[in-house]
Amino acid sequence: NGDMAHSNTTNNTTTTHNHTETELQTTETPKKQDFWDKLENIRQSQGGSRLQALSTLLLTSVQEDYAETLGVELGGEFRAAHLYWKRAQQESQQAAASNAKNNLP
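Presented here is an overview of the structure given in this document. All of these numbers come straight from a predicted model, not from anything done at the bench.

Quick notes on the overall build of the chain
- If you tally the helices and strands in the chain, you get four helices and two strands.
- Sequence-ordered secondary structure for the chain, helices as α and strands as β, is β-β-α-α-α-α.
- Counting across all 105 residues of the chain, residues that qualify as buried make up 7%.
- Taking all contacts inside the chain whose residues are at least 6 apart in sequence as the whole, residues at least 24 apart take part in 12%.

Shown next, in the form of structure tokens:
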């Protein structure tokens, strides 16, 4: 059966939302995953408790919000550092090759 369900527990009250796969395909246009779907995906992919998944989701949401507000790409600083490192490594190798060539009799 293609049923998907997620529960929300707040103040000892549990609300369960059930969606059949057909309903999702026919009644919803493609959109971002809702909060509970993201939470469940994180919990399943990373393991751990709901609290760990919630913490991950909240931190990621804050990072995405900052990135969007600042007009930058998430992880861009790591990409820039990697490119800088590669460029520095190539320059160092070229300098070493040039020095070796100049020191030959």
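Don't stop here, the text continues.
Focus on the packing of aromatic side chains
- Taken as a whole and assessed by the stated rule, the structure comprises one aromatic pair.
- With 5.0 Å between their ring centres and 90 degrees between their planes, Phe-35 and Trp-36 make a pair best called edge-to-face.
- Exposure remark for Phe-35: the relative accessible area of 33% places this residue in the partly exposed category.

Definitions and cut-offs
- Residues numbered from 1 in each chain as written.
- Predicted model: local features only at pLDDT ≥ 70, side-chain atom pairs only at ≥ 80, totals over all residues.
- Heavy atoms only, no water.
- Helix = DSSP H or I, 4+ residues; strand = E, 2+ residues; numbered from the N terminus.
- Buried < 20%, exposed > 50% of the residue type's maximum accessible area, 1.4 Å probe, protein only.
- Contact = heavy atoms within 4.5 Å.
- Phe/Tyr/Trp six-rings, centres within 6.5 Å; stacked < 30°, edge-to-face > 60°.

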